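Breakdown of the fold
As a plain string of letters, each chain reads:
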Protein chains: 2
Amino acid sequence: MATKEEAEAVLANKQVILKDHIHGPPKESDLEVRISSVLPKAPPGSKAVLVKNIYLSVDPYQAILMQKIEDHPDISCFVPGKPLKGYGVAEVIDSDHPDYKPGDLVWGITGWEEYSLITEGFSDTRPLQRLLHIVDTDVPLSYYTGLLGIPGLTAYAGLFEVCSPKEGERVYVSAAAGAVGQLVGQFAKLSGCYVVGSAGSNEKVEMLKDKLGFDDAINYKEEKDLTAALKRCFPQGIDIYFDNVGGKTLEAALNNMKMKGRVVLCGMISTYHDQTIGVNNLVMAIFNRVRIEGFAVLDFCEQHPKYLDFVLPLVRGGKVRYIEDMVEGLENAPAALVGLFSGRNLGKQVLKIA
Amino acid sequence: MATKEEAEAVLANKQVILKDHIHGPPKESDLEVRISSVLPKAPPGSKAVLVKNIYLSVDPYQAILMQKIEDHPDISCFVPGKPLKGYGVAEVIDSDHPDYKPGDLVWGITGWEEYSLITEGFSDTRPLQRLLHIVDTDVPLSYYTGLLGIPGLTAYAGLFEVCSPKEGERVYVSAAAGAVGQLVGQFAKLSGCYVVGSAGSNEKVEMLKDKLGFDDAINYKEEKDLTAALKRCFPQGIDIYFDNVGGKTLEAALNNMKMKGRVVLCGMISTYHDQTIGVNNLVMAIFNRVRIEGFAVLDFCEQHPKYLDFVLPLVRGGKVRYIEDMVEGLENAPAALVGLFSGRNLGKQVLKIA
C-alpha cells in the first residue's frame, strides 16, 4: 500500500486503452479512454524516463497493431488493457537515465496517455527506436510526429532510395494529402519531376494544387474509372508510383506504368482490413518490366540525421510546407484514428494533448 | 494466273490458322488446320527466305497473342485467317537474302505451317528477332526451341540478371517441370542454392527430383494449403521466387518470402485468361521488403551468345538436362497449345513437323 505521501503525489493519467484485439477495421468502441494514475518519479535504479506527452502521431499502422499478428519478428502488436503506442513529442518530467534530464524535449515511441514511463529502447541499435532529443526547436514541435519524424523520413527514403527520381520523370502519389504523400510530392517536385496526386476530397485536391505545388491532382472518389483518370493525367505513362493505398489504386497505376517504371509499396490503407481486395493485373508488371518494391522506413533509420540536414533548410526557407490536422485531447484520439480510414483528416493527423 | 509450270511447282502447305481473336482460354476449335499452297521460291528481289519448318515451339504466350491486345508497342497479336507464329527450327529451301542459302539450318520466328516465307526481321536490331544460323549441331536441333533458345535464355537472364542467386540461398520455382522452370531449378542448383519446384502431377514431381536434381518438389494440385506447403519446404523462408504462374501461387510465395527476398515475375499462366485471379497479400511485400520485378526475355536478347557459351558445355558434359514433350504433326498443334493450360505436357512442349 502506498503511504499517504505517495498517494498524494500520484498523478492522474488519462490513457487510451485497447480493449481487445480487433478483427477488421478499427471502431472507436475498440478503444477506451480512462483515467489511471502514475507515480511522478522514474523509479530509482530503473534507468527509466518519465515524460509528459505533448503531441502524438496518429497513424494507420496503429490499427494494424490493434490486431493480433503472430510470427513476425518486426511486429509487436498492442496489448489489450494497455494504452496504444506510437511516436510522440514529450517533455521529460523525471529521469533515472543519465542521458535525459527534466525539461528535455524528446521524441520517440511513447504511449497514448498523458504521462509515459519509458523503460525500454535506450540501447536499441536502431536510432529511431530510441528516445531522441529535440535539438531544433525553431520549427513547430508537432513536426517531429510528421515532417521531421517517421512520415518525413518515409517520404524521403521511399522516394530517393527506392525510386531514384530523375528530372523530368512523371510521379504519381496516392493518399497524397496524407502525412507521407504530401512530402513525396513536394520532394519529387524539388527533383524536377512532374507530380500528380490522388486524394479523397475536392478540398484535398485543392490543397495539393494550391498549397503544395503538385502539378495536378485528382479526387479518386469522383473518378468512375481510375485507370482512365491516370491515363488522362499521364498520357505518356508513369515513371514512379509511390503507393500508400494498394488494392484498386495500385491496379490502376499498374495499368499506366511506363516501361521500366518503379513502384514503391509504402502503405496499403485500402487493404489493411479487407483481405479480399487484391491486385488482378500484375501481368502488367511483366508487359512493362515494372519493379515493385516493398519498403519500410525502419530499414532507413540511420538516415534520419541526413534527412534533417536535407529538410530543415527547406522548411525554414519555405520550400517545403507541411499540413497538419490537429485534434486536441486524448478523448478525441479514438475518433482521430478511426477517421484515417475514411480519410477524414486533411493532412497529417496529430493529436495534441490538452 | 499462274502458268502451268508454276502451278505444278506449287507446294502443299499445311497450316495452323487462327480463326478469330479469342476471349478467354484457347480451345482447339479456335484454330483450324488446313492445306494451303506456297511457291517453292523466294521471290526474286524480295530478300525473303523460304524455310521448311522442322520443330515449332509451343508456348503459353501464344494463347495471349490469340487475343486482341491494343496499344502496346511490344505486342503484335496474331491475325485471324493467318497461321500462328512462334519460334521454330527450320531448313532454308530457297533464299533471296545474301546471308542465307539452301540447306542452312536456322532458328527464329516462323509460322505454324510446313513452309514459311520469312520476309521480315532481317534488319531488326534485336538479335532474337532475326533468323539465326544454327552453328552447334551436336545437340538435338529441337533444343533451339527450348534449352538453347528463348526458354533457356529466359531462365538464365531471369535468374542471374534479376535475382542474383548466391550460394546457400533458397529458391522456389513454379511450373518447375515446364520449358523455363526446369532450367531455373538446374541453374540455381549449379549456383549452390537449395531448390524446390512445384508442378501439377506426381509424375512431374518425380521428374524434378529424380532427373533434374531439385532438392524437393511438390504437386500443388494435392496441397490443400499452398502457403503451408511452402512453409514446410522453406521453414526459413524463400530468398528467390521465380514465378511462372502468378495468382494464388504468387500469393502463397509472398506469404513465405524471407526479409529482402526477390520475386521475378516471368509468367502468369494461371491468370492469363481469368482477370479475376489476383494477389490479395501484397502487403506481405512491405512486411518483408520484397522486391518484385517484371521480366521479359526480349530485354536480354544480346546475352544469347554469352548464354550459349555458358550452357553448351553444361549440356555436353551432362550437367544440365532438358526434358521435352515432343508431339508430332501440325494437326496435333492445337491440342498441344491448349494442353499447356491444363499442364498436359511433361517438359518443354515441342511440335515436330512430320
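Basis of the calculations
Residues numbered from 1 in each chain as written. Chains lettered and ligands numbered in written order. Predicted model: local features only at pLDDT ≥ 70, side-chain atom pairs only at ≥ 80, totals over all residues. Heavy atoms only, no water. Domains from an automatic or database assignment. Contact = heavy atoms within 4.5 Å. Buried area = accessible area lost by both parts, 1.4 Å probe. Salt bridge = Lys/Arg side-chain N within 4 Å of Asp/Glu carboxyl O. Axes fitted to C-alpha atoms, helices over the stretch in contact; angles between N-to-C directions. Helix = DSSP H or I, 4+ residues; strand = E, 2+ residues; numbered from the N terminus. Parallel < 35°, antiparallel > 145°, perpendicular 65-115°, else oblique. Left-handed = near helix turned anticlockwise from the far one by under 90°. Nonpolar A, V, L, I, M, F, W, Y, C, P; charged D, E, K, R; others polar. Buried < 20%, exposed > 50% of the residue type's maximum accessible area, 1.4 Å probe, protein only. Pairing = 2+ DSSP bridges. Expected span 1.5 Å × (residues − 1).

**So, the domain arrangement of chain A**
Residue and element names in this part refer to chain A.
- Parsing chain A into structural domains produces domain 1 (4–146 + 323–352) and domain 2 (150–298).
- On a C-alpha basis, the centroid separation for the pair domain 1 and domain 2 is 30 Å.
- With 23 residues of domain 1 in contact, the opposing surface of domain 2 contributes 17 residues.
- Contact with domain 2 buries area across many residues of domain 1, yet Gly146, Ile323 and Leu346 alone supply 29% of it, more than any other trio.
- Counting every contact that joins domain 1 to domain 2 gives zero salt bridges.

**Digging into the packing of helix 6 (residues 226–233) of chain A against helix 7 (residues 247–254) of chain A**
Residue and element names in this part refer to chain A.
- Between helix 6 and helix 7, whose axes approach to 8 Å, the crossing angle comes to 45°. Between helix 6 and helix 7, the crossing angle belongs to the class labelled oblique. Handedness of the crossing formed by helix 6 with helix 7: right-handed. In contact with Leu226, Thr227 and Leu230 of helix 6, helix 7 contributes Lys248, Thr249, Ala252 and Ala253.
- Of the residues that constitute the contact of helix 6 with helix 7, the class distribution is four nonpolar, two polar and one charged.

**Quick look at the interface of chain A and chain B**
- Between chain A and chain B, the residue contacts involve 33 residues of the former and 33 residues of the latter.
- Carbon and sulfur atoms make up 61% of the surface buried where chain A meets chain B, a total of about 2,700 Å² over both sides.
- Applying the counting criterion to the chain A and chain B interface returns four salt bridges.
- Note that A:Asp299 is salt-bridged to B:Arg289, the shortest N-O span being 2.7 Å.
- Its residues assigned to classes, the side of chain A that touches chain B comprises 19 nonpolar, eight polar and six charged.

**Section: the environment of A:Lys209**
Residues and elements named next belong to chain A.
- Mapped onto the fold, lysine 209 is located in helix 5 (residues 202–211).
- Assessed through its relative accessible area of 34%, lysine 209 is described here as partly exposed.
- With 13 residues separating them in the primary sequence, lysine 209 and valine 196 have C-alpha atoms 9.1 Å apart.
- Leaving out residues up to four positions away in the same chain, lysine 209 has contacts with Phe214, Asp216 and Ala217.

**Considering the pattern of salt bridges**
Residue and element names in this part refer to chain B.
- For the structure on display, the rule yields 34 salt bridges over all chains.
- The partner of aspartate 104 in a salt bridge is lysine 101, with the nearest N and O atoms 3.1 Å apart.
- Residue aspartate 104 is classed as buried on the basis of its relative accessible area, which comes to 10%.
- With relative accessibility at 53%, the residue lysine 101 sits in the exposed group.

**Details of the sheet that holds strand 11 (residues 238–243) of chain A**
- Reading across the sheet, the 12 strands line up as 10(A)-9(A)-8(A)-11(A)-12(A)-13(A)-13(B)-12(B)-11(B)-8(B)-9(B)-10(B) and stay open at both edges, with mixed pairing between neighbours. A single partner strand is all that each edge strand has here, and the edge strands are strand 10 (216–219) of chain A together with strand 10 (216–219) of chain B. Strand-to-strand twist in this sheet, taken as the mean axis angle between neighbours without regard to direction, amounts to 15°.
- Summarising the sheet, strand 13 (residues 291–294) of chain A and strand 13 (residues 291–294) of chain B pair through three bridges and their orientation is antiparallel. The partner of A:Arg291 across the bridge, within strand 13 of chain B, is B:Glu293.
- With respect to the sheet, helix 4 (residues 181–190) of chain A is in contact with strand 8 (170–173), strand 9 (194–199) and strand 11 of chain A, its orientation differing from that of strand 8 of chain A by roughly 170°.

**Some remarks on helix 9 (residues 304–316) of chain B**
All names here are of chain B.
- Helix length check: helix 9, at 13 residues, gives a terminal C-alpha distance of 18 Å against a target of 18 Å (1.5 Å per residue), a fit within 8%.
- Every buried residue of helix 9 is accounted for by His304, Tyr307, Leu308, Val311, Leu312, Leu314 and Val315.
- Lining the buried residues of helix 9 we find strand 5 (105–111), helix 3 (150–163) and helix 4 (181–190).
- Phi for glycine 318, located one or two positions after helix 9, is positive at around 75°.

**Describing the environment of A:Pro26**
Residues and elements named next belong to chain A.
- Within the element layout of this structure, proline 26 appears in the loop between strand 1 (11–18) and strand 2 (31–38).
- You can call proline 26 buried: its relative accessible area is 8%.
- Separated by 55 residues in the primary sequence, proline 26 and glycine 81 place their C-alpha atoms 16 Å from one another.
- Discounting residues that sit within four places of it in the chain, proline 26 has contacts with Ala63, Met66, His273, Val338 and Phe341.

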